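Topology and contacts: notes
Chain by chain, the residues:
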Amino acid sequence: MLFNKGLLALAATAALGVSAQDAVAPADSAVVKLEQDNFQDFLKENSLVMAEFFAPWCGHCKKLAPEYVKAAEELKSKNVSLVQIDCDDNRDLCMQLQIPGFPSIKLIKDGDIAHAKDYNGARTAEAIVKFMIKQTQPAVQVVEDKAALDALVANSTVPVVVDFGVNDFNATFYQFAHALSDDYVFISLPSKENKISVFLPVEGSSAEEIVFKGDHKTLAKDRSVFEEWLKVESLPFFGEINGEVFNAYLESGLPLAYFFFNEPSEVEENRKFFTDLAKKYRGKMAFVSLDAKQFGRHAENLNMKQQFPLFAIHNMTSNQKFGLPQMAEEEFAKLNKAIKLKTKDITKLVENVLSGKAEAIVKSEEVPSVQESNVFKIVGKTHDKIVADPKKDVLVKYYAPWCGHCKKMAPTYEELADTYASDSSSKDKVVIAEVDATANDIFNVEIAGYPTILLYPAGKNAEPVVYEGDRSLDSFLTFIKENGANGIDGASLHKKFLETKKAAEQAEIEDDNEDEDGFDDEL
C-alpha cells in the first residue's frame with residue numbers, strides 16, 4: 001500500500017474519548033460507520049459526505065482519529081456527515097473504489113461517488129470543519145452591496161475573487177468557481193465598476209485588492225488568461241510555505257525566493273521589507289518564508305549550507321539556484337548569535353536574478369582530468385558547453401547511480417561509445433556521454449526518470465531530441481543516424497568495429513600460440 005505523506009497534525013489523545021492508539025471512532029461519536037451493504041444507500045440519503053477509508057492498524061489513521069471525531073461533532077448540527085469505512089472488513093468496496101492507501105479521505109456530493117474529490121488538506125479538526133462548511137456554500141455567493149462584500153472579505157482566510165459585473169464573463173466565472181471553490185471564495189456583485197478583483201487576506205491588516213488590468217474582452221474568449229492571472233495574483237505577497245501550499249507556487253511558474261527563519265520574530269522583523277519587495281516585483285517573483293527548524297534540509301536542495309537565517313532563490317522552470325554568500329563551516333560554528341542578513345544584499349540579488357546578471361550556484365562534481373573510457377563523463381560545470389558543440393552530435397545519458405535500468409544498459413552504452421571512437425573520422429563528430437543527474441545540476445532539461453537519454457544534434461541552436469526507443473545497440477545506432485546532424489552510419493561502423501576487434505583477438509591468439517610453440521622448442 002502507498003501512504004499519503006501530507007503534513008499530519010498530532011492529535012490530542014483525550015479528544016472526545018478517542019485513544020491515539022485506536023483508528024476506529026468510538027460508537028458514541030458523530031462519525032458514522034459504513035459497510036459495503038449500506039454505503040450506497042447512505043450516500044443517496046445524504047447530499048454532503050466526507051468519507052475516510054482506513055485500516056485499523058494504520059499509524060496515520062490512528063493519528064487522524066481524534067481530529068476526525070472532533071470535526072464530526074462540530075459538523076453534526078450543520079447536516080454534514082463524516083463517515084468511516086474499514087477497508088480490512090470491506091475489501092471489495094475499497095478495491096472497487098481503487099483506494100490507494102490509508103487513510104484516503106474523499107468528498108462525495110449528491111451521492112456521486114464516481115466524481116468524488118480527494119481531500120488533501122491538513123488533517124486537523126479545524127481544517128476539516130472549515131473545508132466542509134465551505135462545501136455547504138454556493139460556488140458563487142451573490143451579494144447586493146459593498147458592505148456585504150466587505151464583511152465576507154474580512155472574514156475570509158483564503159483569497160476572495162469578485163466579479164463586479166464584467167460583460168460576457170458570468171458563465172466563465174461560474175465555471176471557475178465550481179472548479180476552484182476549494183481554494184477561493186467567489187463572489188458576484190453586480191456593479192457599474194465592470195472589473196474583476198482578487199482580495200488577498202493580509203495578516204494583521206485589511207485585505208488588499210488586486211484588480212485585473214488586462215483586456216476584459218479576452219476573459220470570455222480565452223479562459224486561460226484569467227486562470228494564469230489568478231494563479232499569480234492569488235499568492236500572498238509574503239506568506240509561509242509548506243507542503244499544503246507548495247503546488248500553488250509551483251503552478252505559478254514564478255521564481256521562488258525563500259527566507260529561511262529560525263524564529264517567528266525574524267519573519268515579523270522582515271515582513272514589511274519582503275512585502276514591499278514582493279509588491280514591486282509582483283508577477284516576476286514570489287516571496288515566501290520557510291521554518292528552518294522543520295524544513296532546514298531544503299537549503300541543501302538549493303545548493304546552500306544550513307546556516308540560518310538565509311535567503312535563496314530557485315527558478316523552478318530552469319532549475320537554477322541563487323543565494324547570498326555564506327560562511328565557511330568553521331567560521332559559522334564559532335558564532336554566538338544569529339546571522340543578520342542585509343536587506344540591500346537581498347534586494348541586489350533579486351534585481352540581478354531578474355536581469356540575468358546573477359551567477360547560479362551550480363552543484364557539480366569536479367571536472368575529470370582524464371576521461372577513463374570512451375563514454376564521455378559530463379559534470380554540472382561542463383554540461384552546457386559539451387551539448388552545445390556545433391560540430392558534434394552529442395548523445396547524453398542522464399542517470400542515477402542506484403538506477404537498475406541504468407546499470408543494465410551500461411555495457412551496451414559503452415559498446416556504442418567504443419564503436420564511434422574506433423573510427424578516426426567519426427570520433428570527432430559523435431560523442432556518447434553520460435552525467436550523474438543526482439550529483440550535478442542540469443538546467444533546462446526535464447528529467448522524468450532514469451535513465452533519460454537526449455541527443456543534441458550538431459549545429460547552432462539545434463533542439464535536443466528525446467530517445468524513446470528500446471535500449472539495444474542497433475536502436476541507438478539508427479536513432480543517432482536519423483536524428484543527428486552529421487548522419488553518421490553507425491551500423492556500418494559497428495560492423496567494421498567488430499571485424500577489427502575479431503581480427504585483433506585472432507592475432508592475439510596466434511601470438512599466444514607462437515609463444516607456446518617457442519617454449520616447447522626450448523624443452
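A brief report on the enclosed structure follows. Keep in mind it's a predicted model, so treat the numbers as computed, not measured.

1. Topic: the overall build of the protein chain
Helix and strand content of the protein chain: 18 helices and 20 strands. For the protein chain, the C-alpha radius of gyration of 31 Å lies well beyond 24 Å, the compact-globule estimate for 523 residues. Taken along the three principal axes of its C-alpha coordinates, the protein chain extends 105 × 60 × 60 Å. Looking at the protein chain residue by residue over its 523 residues, the buried ones come to 43%. Considering only intrachain contacts with a sequence separation of at least 6, the fraction spanning at least 24 residues in the protein chain is 72%. With an accessible surface of roughly 28600 Å², the protein chain has 49% of that area assigned to carbon and sulfur atoms. Charged side chains in the protein chain number 58 positive and 84 negative. The centres of these two groups are separated by 9 Å.

2. Some points on helix α10 (residues 264–280)
Between its first and last C-alpha, α10 extends 24 Å over 17 residues, near the 24 Å set by a 1.5 Å rise per residue. Of all the positions in α10, only Glu266, Val267, Asn270, Arg271, Phe274, Thr275, Leu277 and Ala278 are classed as buried. Here the buried face of α10 lies against β11 (238–240), β12 (256–261), β13 (286–291), β14 (310–315) and α14 (343–355).

3. Some details on the state of the cysteines
One way to say it: the disulfide is the covalent bond shared by the sulfur atoms of two cysteines. Under the definition given, this model contains one disulfide. The disulfide bridge from Cys87 ends at Cys94, spanning 2.0 Å between sulfur atoms. An S-S torsion of about -80° defines the bridge between Cys87 and Cys94 as left-handed. Of the two residues examined, Cys87 and Cys94, each falls in the buried class.

4. Focus on the sheet that holds strand β17 (residues 393–399)
Consider a sheet: its strands pair through backbone hydrogen bonds, and that pairing is either parallel or antiparallel. Here we have five strands laid out as an open sheet, ordered β16-β18-β17-β19-β20, and mixed in their pairing. Where the open sheet ends on each side, the last strands, each with one partner, are β16 (376–377) and β20 (465–466). Relative to strand β18 (residues 430–436), β16 is paired through two bridges, and the arrangement is parallel. Each residue of the ladder has a partner; that of Phe376, found in β18, is Ala433. Across the sheet, helix α16 (residues 404–421) touches β17, β18 and β19 (452–456), and the angle it forms with β17 is around 165°.

5. Observations regarding the pattern of salt bridges
Counted by the stated rule, this structure contains 20 salt bridges. A salt bridge links Lys279 to Glu208; the shortest N-O distance between them is 3.2 Å. Pair noted here: Lys279 is in helix α10 and Glu208 is in strand β10 (residues 205–211), with a separation of 71 residues, a long-range link. Judged by relative accessible area, Lys279 falls into the partly exposed class, the value being 36%. When the shortest N-O distance is used, the salt bridge between Glu366 and Lys381 registers 3.8 Å. Highlighted residues: Glu366 in the loop between α14 and β16 and Lys381 in the loop between β16 and α15 (383–387), separated in sequence by 15 residues.

6. Quick notes on unusual backbone geometry
Here Phe102 and Pro103 are connected by a cis peptide whose omega angle stands at -15°. Here Pro103 shows up in the loop between α3 (91–96) and β4 (104–109). Its identity as a non-glycine residue notwithstanding, Asn79 has a phi of 60°, on the positive side. With respect to the helices, strands and loops of the structure, Asn79 is situated in the loop between α2 (59–75) and β3 (81–86). Phi at Asn444 takes a positive value of approximately 60°, unusual for a residue other than glycine. Tracing the backbone shows Asn444 in the loop between β18 and β19.

7. Remarks on the side chain of Ser234
Along the chain, the position of Ser234 falls in the loop between α8 (223–233) and β11. Among the polar contacts made by the side chain of Ser234, one reaches the side chain of Tyr184 at a distance of 3.1 Å.

8. A look at the packing of aromatic side chains
Inspection of the entire model under this criterion finds 20 aromatic pairs. Ring pairing ties together the aromatic residues Phe169, Phe173, Phe176, Tyr184, Phe186, Phe212, Phe226 and Trp229, which thus form one cluster. Over the aromatic face of Phe176 sits the side chain of Arg223, whose NZ or CZ is 4.3 Å from the ring centroid.

9. Some points on the environment of Phe131
By the element assignment, Phe131 lies in helix α4 (residues 125–136). Residue Phe131 is classed as buried on the basis of its relative accessible area, which comes to 14%. Apart from the residues lying within four places of it in its own chain, the contact partners of Phe131 are Met50, Leu107, Tyr119 and Asp182.

10. Focus on the packing of helix α6 (residues 170–180) against α8
As a packed pair, α6 and α8 sit with axes 11 Å apart at the nearest point and diverge in direction by 50°. In terms of orientation, α6 and α8 fall into the oblique class. The way α6 lies across α8 gives a crossing that is right-handed. Of the residues in α8, those in contact with Thr172, Gln175, Phe176 and Leu180 of α6 are Arg223, Phe226, Glu227 and Leu230. Residue composition of the contact of α6 with α8, grouped by class: four nonpolar, two polar and two charged.

11. Focus on the sheet that holds β11
As summarised here, the arrangement of the five strands in space is β11-β13-β12-β14-β15, forming an open sheet in which the pairing is mixed. Looking along the sheet, the strands with just one partner apiece sit at the ends: β11 and β15 (320–323). Pairwise comparison of adjacent strand axes, ignoring direction, gives a mean angle of 25° for this sheet. Judged from the three bridges that link them, β11 and β13 form a sheet pairing that is parallel. Along β13, the bridge assignment pairs Glu240 with Ser289.

Thresholds applied
Residues numbered from 1 in each chain as written. Predicted model: local features only at pLDDT ≥ 70, side-chain atom pairs only at ≥ 80, totals over all residues. Heavy atoms only, no water. Helix = DSSP H or I, 4+ residues; strand = E, 2+ residues; numbered from the N terminus. Rg over C-alpha atoms; globule rule 2.2 N^0.38 Å. Buried < 20%, exposed > 50% of the residue type's maximum accessible area, 1.4 Å probe, protein only. Contact = heavy atoms within 4.5 Å. Areas by Shrake-Rupley, 256 points an atom, 1.4 Å probe, with all protein chains shown as cover. Lys, Arg positive; Asp, Glu negative; His and termini not counted. Charge placed at Lys NZ, Arg CZ, Asp CG, Glu CD. Expected span 1.5 Å × (residues − 1). Disulfide = S-S within 2.5 Å. Pairing = 2+ DSSP bridges. Axes fitted to C-alpha atoms, helices over the stretch in contact; angles between N-to-C directions. Salt bridge = Lys/Arg side-chain N within 4 Å of Asp/Glu carboxyl O. Polar contact = N/O pair within 3.5 Å; in protein donor to acceptor, adjacent residues only side chain to side chain. Phe/Tyr/Trp six-rings, centres within 6.5 Å; stacked < 30°, edge-to-face > 60°. Lys NZ or Arg CZ within 6 Å of the ring centre and 35° of its normal. Parallel < 35°, antiparallel > 145°, perpendicular 65-115°, else oblique. Left-handed = near helix turned anticlockwise from the far one by under 90°. Nonpolar A, V, L, I, M, F, W, Y, C, P; charged D, E, K, R; others polar.

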